[in-house]
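# Examination of the molecular architecture
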Amino acid sequence: MNHDFDWGAVGDAFPLLLDGFWTTLLATVFGTLVAAVLGLAIAVAGRAPSRLVTVPVKAVMEFVRSTPLIVQLVGAAALFTSVEPLTVGIVVLGVHYATYTSEVYRAGIDAVPKGQWEACRALSLSPRRTWQAVILPQAVRNVVPALGNYAISMFKETPFLAVITVHEMVFQARDYGTKHFVYTEVFTLAGLIFLVASYPTSLLMRKLEKRLGH
(Lines give C-alpha, C1' and ligand atoms only; values in the text may rest on other atoms or scores of the structure.)
Protein backbone atom coordinates (compact mmCIF):
# COMPACT_ATOMS: atom_id res chain seq x y z
CA MET A 1 0.00 0.00 0.00
CA ASN A 2 1.47 3.34 -1.11
CA HIS A 3 1.82 5.96 1.55
CA ASP A 4 2.71 9.59 0.91
CA PHE A 5 5.14 11.08 3.37
CA ASP A 6 3.16 13.33 5.71
CA TRP A 7 5.26 16.45 6.20
CA GLY A 8 2.53 17.96 8.31
CA ALA A 9 2.95 15.17 10.84
CA VAL A 10 6.70 15.87 10.93
CA GLY A 11 6.10 19.51 11.82
CA ASP A 12 3.44 18.56 14.34
CA ALA A 13 5.58 15.91 16.06
CA PHE A 14 8.84 17.84 16.07
CA PRO A 15 8.24 19.80 19.34
CA LEU A 16 7.22 16.57 21.06
CA LEU A 17 10.33 14.75 19.87
CA LEU A 18 12.50 17.73 20.78
CA ASP A 19 11.14 17.52 24.31
CA GLY A 20 12.01 13.83 24.32
CA PHE A 21 15.47 14.65 22.98
CA TRP A 22 16.27 16.73 26.06
CA THR A 23 15.33 13.76 28.23
CA THR A 24 17.55 11.57 26.05
CA LEU A 25 20.40 14.06 26.39
CA LEU A 26 19.91 14.30 30.16
CA ALA A 27 20.05 10.52 30.52
CA THR A 28 23.19 10.39 28.37
CA VAL A 29 25.06 13.14 30.22
CA PHE A 30 24.36 11.86 33.72
CA GLY A 31 24.69 8.22 32.67
CA THR A 32 28.12 9.03 31.23
CA LEU A 33 29.15 10.75 34.46
CA VAL A 34 28.13 7.67 36.46
CA ALA A 35 29.97 5.39 34.04
CA ALA A 36 33.11 7.54 34.09
CA VAL A 37 33.35 7.80 37.89
CA LEU A 38 32.25 4.26 38.67
CA GLY A 39 34.40 2.81 35.89
CA LEU A 40 37.45 4.51 37.34
CA ALA A 41 36.63 3.17 40.81
CA ILE A 42 36.26 -0.34 39.40
CA ALA A 43 39.57 -0.09 37.53
CA VAL A 44 41.41 1.00 40.67
CA ALA A 45 39.64 -1.61 42.83
CA GLY A 46 40.60 -4.28 40.31
CA ARG A 47 44.26 -3.61 41.11
CA ALA A 48 43.76 -4.03 44.85
CA PRO A 49 46.16 -6.55 46.47
CA SER A 50 43.34 -8.39 48.28
CA ARG A 51 41.21 -11.01 46.53
CA LEU A 52 38.40 -10.07 48.91
CA VAL A 53 38.11 -6.93 46.78
CA THR A 54 39.05 -8.11 43.29
CA VAL A 55 36.94 -11.29 43.19
CA PRO A 56 33.56 -9.66 44.02
CA VAL A 57 34.31 -6.75 41.68
CA LYS A 58 35.07 -9.10 38.78
CA ALA A 59 31.99 -11.22 39.55
CA VAL A 60 29.68 -8.20 39.44
CA MET A 61 31.31 -6.98 36.23
CA GLU A 62 30.81 -10.34 34.53
CA PHE A 63 27.18 -10.45 35.64
CA VAL A 64 26.46 -6.99 34.25
CA ARG A 65 28.27 -7.67 30.98
CA SER A 66 26.56 -11.04 30.52
CA THR A 67 23.00 -9.77 30.85
CA PRO A 68 21.17 -7.56 28.32
CA LEU A 69 20.74 -3.90 29.15
CA ILE A 70 16.98 -4.11 28.63
CA VAL A 71 16.73 -6.92 31.23
CA GLN A 72 18.73 -4.83 33.70
CA LEU A 73 16.39 -1.88 33.14
CA VAL A 74 13.23 -3.89 33.66
CA GLY A 75 14.66 -5.66 36.70
CA ALA A 76 15.82 -2.44 38.33
CA ALA A 77 12.49 -0.73 37.64
CA ALA A 78 10.65 -3.67 39.24
CA LEU A 79 12.88 -3.56 42.32
CA PHE A 80 12.84 0.21 42.81
CA THR A 81 9.23 1.10 42.08
CA SER A 82 9.35 4.20 44.29
CA VAL A 83 12.23 5.73 42.29
CA GLU A 84 11.61 7.90 39.24
CA PRO A 85 12.03 5.85 36.02
CA LEU A 86 14.49 8.38 34.60
CA THR A 87 16.69 8.07 37.70
CA VAL A 88 16.57 4.28 37.45
CA GLY A 89 17.48 4.50 33.78
CA ILE A 90 20.43 6.82 34.38
CA VAL A 91 21.86 4.59 37.11
CA VAL A 92 21.40 1.38 35.11
CA LEU A 93 22.97 2.93 32.01
CA GLY A 94 25.85 4.23 34.12
CA VAL A 95 26.48 0.91 35.85
CA HIS A 96 26.19 -1.03 32.60
CA TYR A 97 28.72 1.17 30.80
CA ALA A 98 30.97 1.41 33.84
CA THR A 99 31.91 -2.23 33.29
CA TYR A 100 33.26 -1.22 29.87
CA THR A 101 34.82 2.11 30.81
CA SER A 102 36.67 0.31 33.61
CA GLU A 103 38.50 -1.68 30.95
CA VAL A 104 39.36 1.55 29.15
CA TYR A 105 40.78 2.97 32.36
CA ARG A 106 42.65 -0.27 33.02
CA ALA A 107 44.31 -0.04 29.61
CA GLY A 108 45.19 3.59 30.28
CA ILE A 109 46.70 2.73 33.67
CA ASP A 110 48.67 -0.16 32.19
CA ALA A 111 50.02 2.22 29.53
CA VAL A 112 51.68 4.42 32.17
CA PRO A 113 55.42 3.60 32.03
CA LYS A 114 56.70 1.42 34.87
CA GLY A 115 59.35 4.04 35.51
CA GLN A 116 56.61 6.34 36.79
CA TRP A 117 55.63 3.82 39.45
CA GLU A 118 59.25 3.24 40.38
CA ALA A 119 59.88 6.97 40.67
CA CYS A 120 56.92 7.31 43.02
CA ARG A 121 58.26 4.55 45.23
CA ALA A 122 61.71 6.10 45.19
CA LEU A 123 60.21 9.40 46.34
CA SER A 124 58.25 7.56 49.06
CA LEU A 125 54.94 8.90 47.80
CA SER A 126 51.87 7.43 49.44
CA PRO A 127 49.61 5.24 47.28
CA ARG A 128 46.94 7.94 47.29
CA ARG A 129 49.39 10.62 46.20
CA THR A 130 50.82 8.31 43.55
CA TRP A 131 47.40 7.74 42.03
CA GLN A 132 46.19 11.32 42.26
CA ALA A 133 49.30 13.20 41.19
CA VAL A 134 51.07 10.83 38.82
CA ILE A 135 49.15 7.83 37.50
CA LEU A 136 45.58 9.03 36.96
CA PRO A 137 46.41 12.32 35.17
CA GLN A 138 48.39 10.36 32.58
CA ALA A 139 45.93 7.47 32.31
CA VAL A 140 42.81 9.63 31.97
CA ARG A 141 44.38 11.80 29.28
CA ASN A 142 44.96 8.72 27.15
CA VAL A 143 41.42 7.36 27.47
CA VAL A 144 39.29 10.49 26.94
CA PRO A 145 38.48 9.68 23.26
CA ALA A 146 37.44 6.12 24.15
CA LEU A 147 35.20 7.43 26.93
CA GLY A 148 33.66 9.83 24.42
CA ASN A 149 32.90 6.94 22.07
CA TYR A 150 31.14 5.08 24.87
CA ALA A 151 29.10 8.21 25.58
CA ILE A 152 27.96 8.20 21.95
CA SER A 153 27.06 4.51 22.22
CA MET A 154 25.05 5.22 25.36
CA PHE A 155 23.23 8.04 23.58
CA LYS A 156 22.16 5.61 20.85
CA GLU A 157 20.96 3.05 23.43
CA THR A 158 18.74 5.45 25.38
CA PRO A 159 15.65 4.23 23.44
CA PHE A 160 15.78 1.16 25.71
CA LEU A 161 14.61 3.49 28.48
CA ALA A 162 11.18 3.48 26.85
CA VAL A 163 10.53 0.02 28.32
CA ILE A 164 10.47 1.56 31.80
CA THR A 165 8.27 4.48 30.64
CA VAL A 166 10.97 7.13 30.41
CA HIS A 167 9.64 9.75 27.99
CA GLU A 168 12.75 9.93 25.84
CA MET A 169 12.66 10.63 22.13
CA VAL A 170 11.71 7.21 20.80
CA PHE A 171 9.00 6.86 23.47
CA GLN A 172 7.56 10.17 22.29
CA ALA A 173 7.74 9.07 18.64
CA ARG A 174 5.94 5.82 19.40
CA ASP A 175 3.34 7.64 21.49
CA TYR A 176 2.65 10.13 18.70
CA GLY A 177 2.50 7.38 16.11
CA THR A 178 0.03 5.37 18.19
CA LYS A 179 -2.27 8.36 18.67
CA HIS A 180 -2.19 9.56 15.06
CA PHE A 181 -1.43 6.34 13.17
CA VAL A 182 1.68 7.92 11.70
CA TYR A 183 4.85 5.92 12.28
CA THR A 184 7.17 6.28 9.30
CA GLU A 185 7.40 10.03 9.59
CA VAL A 186 8.01 10.30 13.33
CA PHE A 187 10.53 7.46 13.52
CA THR A 188 12.37 8.88 10.50
CA LEU A 189 12.49 12.24 12.26
CA ALA A 190 13.76 10.59 15.46
CA GLY A 191 16.47 8.82 13.48
CA LEU A 192 17.56 12.07 11.84
CA ILE A 193 17.78 13.81 15.20
CA PHE A 194 19.97 10.98 16.50
CA LEU A 195 22.17 11.31 13.41
CA VAL A 196 22.48 15.09 13.65
CA ALA A 197 23.43 14.84 17.32
CA SER A 198 25.79 11.87 17.23
CA TYR A 199 27.69 12.21 13.95
CA PRO A 200 29.38 15.59 14.67
CA THR A 201 30.27 14.33 18.15
CA SER A 202 31.83 11.25 16.60
CA LEU A 203 33.95 13.44 14.31
CA LEU A 204 35.00 15.53 17.30
CA MET A 205 36.13 12.40 19.15
CA ARG A 206 38.24 11.36 16.16
CA LYS A 207 39.96 14.75 16.04
CA LEU A 208 40.54 14.65 19.78
CA GLU A 209 42.02 11.17 19.52
CA LYS A 210 44.44 12.30 16.82
CA ARG A 211 45.44 15.37 18.80
CA LEU A 212 46.07 13.45 22.01
CA GLY A 213 47.95 10.81 20.05
CA HIS A 214 50.60 13.31 18.97
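Our structure is the block above this text.
In this numbering scheme, every chain counts its residues from 1 along its sequence in written order. pLDDT decides what is reported in this predicted model: residues at 70 or higher carry local features, side-chain atom pairs at 80 or more are listed and counted, and totals for whole chains, interfaces and linings draw on all residues regardless. Only hydrogens and water are removed before side-chain values are computed, so all heavy atoms of the structure are retained for them.

Moving on: the layout of surface pockets. Empty space among the atoms becomes apparent when a probe as large as a water molecule is rolled across them. Looking at the largest pocket, its volume works out to about 250 Å³. With a 1 Å grid spanning the protein atoms alone, the term cavity applies to any set of points in which a 1.4 Å probe fits but cannot get out, the term pocket to an open set with protein on both sides within 12 Å along at least five of seven lines, and the term lining residue to any residue with an atom within 4 Å of a point. Around the largest pocket, the lining comprises 13 residues; the ones closest to its centre are Gln72, Ala76, Val91, Val92 and Val95. Working definition: helices are DSSP H or I runs of at least four residues, strands are E runs of at least two. Numbering for both runs from the N terminus. Elements with a contribution of two residues or more to the lining of the largest pocket: α2 (51-66), α3 (69-79) and α4 (85-110). The element that contributes the greatest number of residues to the lining of the largest pocket is α4, accounting for 5 residues. Considered as a void within the structure, the second largest pocket measures approximately 210 Å³ in volume. Grid points are joined across faces, edges and corners, and a volume is the space filled by probe spheres set on the points.

Grouping buried Ala, Val, Leu, Ile, Met, Phe, Trp, Tyr and Cys residues that are joined through side-chain atoms within 4.5 Å yields what is termed a nonpolar core. The classification of residues rests on relative accessible area computed with a 1.4 Å probe and restricted to protein chains. Under 20% of the type maximum is buried, over 50% is exposed, and intermediate values are partly exposed. Ranked by internal contacts, the top residues of the largest apolar core, which has 16 residues, are Leu17, Met169 and Ile193. Every element with two or more residues in this core is listed here: α1 (7-45), α7 (169-180) and α8 (184-213). Other than its neighbours up to four places away in sequence, Ile193 contacts Phe14, Leu17, Phe21 and Met169. We call two residues in contact when some of their heavy atoms are within 4.5 Å.

With that settled, consider α1. By definition here, a helix of n residues has an expected span of 1.5 Å times n minus one. Its 39 residues place the ends of α1 53 Å apart at the C-alpha level, agreeing with the 57 Å of an ideal helix rising 1.5 Å per residue. Note that bend, as reported per residue, equals the angle between axes fitted to the 7 residues terminating at that residue and the 7 residues originating from it. Its maximal kink placed at Phe14, α1 deviates by approximately 40 degrees, while the proline Pro15 follows within four residues.

Moving on: the environment of Tyr97. Within the secondary structure layout, Tyr97 lies in helix α4. Taking the C-alpha atoms as reference points, Tyr97 and Ala36, separated by 61 residues in sequence, lie 8.4 Å from one another. Setting aside its immediate chain neighbours within four residues, Tyr97 contacts Ala35, Tyr150, Ser153, Met154 and Glu157.

Time to look at α3. Considered for burial, the residues of α3 that qualify are Leu69, Gln72, Leu73 and Ala76. The arc that holds every buried residue of α3, seen down its axis, measures 100 degrees, which confines them to one face. In the core, the buried residues of α3 are packed alongside α2, α4 and α6 (127-157). The arc in question is traced by the directions running from the helix axis to the C-beta atoms.

To describe a pair of aromatic rings, you give the distance between the ring centres and the angle between the ring planes. Any pair of Phe, Tyr and Trp rings, taking the six-membered ring for Trp, is counted once the centres come within 6.5 Å. Such a pair is stacked with planes under 30 degrees apart, edge-to-face with planes over 60 apart, and tilted for the rest. Inspection of every chain in the model, using the stated rule, returns 6 aromatic pairs. Summarising the aromatic geometry, the rings of Phe21 and Trp22 are spaced 5.4 Å apart at their centres and angled 65 degrees between planes, so their arrangement reads as edge-to-face. The class for Phe21 is buried, based on a relative accessible area of 12%. One aromatic cluster is present, formed by Phe21, Trp22, Phe155 and Phe194 through successive ring pairs. Put simply, a charge is over a ring when the Lys NZ or the Arg CZ is close to the ring centre, within 6 Å, and near the line of the ring normal, within 35 degrees. When the ring centre of Tyr100 is taken as origin, the NZ or CZ atom of Arg65, which lies over that ring, is 5.7 Å away.

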